[in-house]
Amino acid sequence: MNPPTPAVRINPDNPDHHVYSNNGVWWIHYSIRTDPRFKSQRVRASLGTRSLEIARERRDAILAHLGLHAELRAPMRRPAAA
């Protein structure tokens, strides 16, 4: 079985891609492809901030972490919200 890989598409025209506000707290959402038949798991996690600027920074760090794991084909773990 292959390790999960991120299924992340980034829209460069949308600076708030993969983040949304829920009652003023910013959250990240993305999908992880869990098997070769393109089944995926949706991941949503609080970014633990009410600041959009901080949320974007945390989102970028999480997406970079996911990309690194995909490159290395390392097992992925759900990132802890900061």
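Residues numbered from 1 in each chain as written. Predicted model: local features only at pLDDT ≥ 70, side-chain atom pairs only at ≥ 80, totals over all residues. Heavy atoms only, no water.

## Remarks on the overall build of the protein
Argument step 1. A tally of regular secondary structure across the protein gives 1 helix and 4 strands.
Argument step 2. Secondary structure elements in the protein, listed N-terminal to C-terminal, are β-β-β-β-α.
Argument step 3. When burial is assessed residue by residue, the protein has 28% of its 82 residues classed as buried.
Argument step 4. Considering only contacts within the protein whose residues lie at least 6 apart along the sequence, 50% involve residues at least 24 apart.
Argument step 5. Summed over all atoms, the accessible surface of the protein reaches about 5700 Å², with 50% contributed by carbon and sulfur. (Helix = DSSP H or I, 4+ residues; strand = E, 2+ residues; numbered from the N terminus. Buried < 20%, exposed > 50% of the residue type's maximum accessible area, 1.4 Å probe, protein only. Contact = heavy atoms within 4.5 Å. Areas by Shrake-Rupley, 256 points an atom, 1.4 Å probe, with all protein chains shown as cover.)

## Comments concerning the pattern of salt bridges
Argument step 1. Following the criterion strictly, the structure yields 2 salt bridges and no others.
Argument step 2. Put simply, Arg 56 and Asp 16 hold a salt bridge, and the shortest N to O gap is 2.6 Å. On the criterion of sequence distance, the pair formed by Arg 56 in helix H1 (residues 52-72) and Asp 16 in the loop between strand E1 (5-6) and strand E2 (19-22) is long-range, its members being 40 residues apart.
Argument step 3. Taking relative accessible area as the criterion, Asp 16 reaches 24% and is therefore assigned partly exposed. (Salt bridge = Lys/Arg side-chain N within 4 Å of Asp/Glu carboxyl O.)

## A closer look at the confidence of the model for the protein
Argument step 1. For the protein, mean pLDDT is 79; residues scoring 70 or higher make up 70% of the total.
Argument step 2. The secondary-structure element of the protein with the lowest mean pLDDT is E1, recorded at 56, while E2 shows the highest, at 96. (pLDDT = per-residue confidence, 0-100.)

## Description of the nonpolar core
Argument step 1. Listed in full, the 12 residues of the largest apolar core are Val 19, Trp 26, Ile 28, Tyr 30, Ile 32, Val 43, Ala 45, Leu 47, Ala 55, Ile 62, Leu 63 and Leu 66.
Argument step 2. Elements with a contribution of two residues or more to this core: strand E3 (25-33), strand E4 (40-46) and H1. (Core = buried A, V, L, I, M, F, W, Y, C linked by side-chain atoms within 4.5 Å.)

## Let's talk about the pairing of E2
A regular strand places its side chains on the two faces of the sheet in alternate fashion.
Argument step 1. When E2 meets E3, the two strands line up antiparallel, connected through 4 bridges. Directly across from Val 19, in E3, lies its bridge partner Ile 28.
Argument step 2. Hairpin geometry of E2 and E3 is characterised by an intervening segment of 2 residues between the two adjacent antiparallel strands and by a positive phi of about 55° at Asn 23. (Pairing = 2+ DSSP bridges.)

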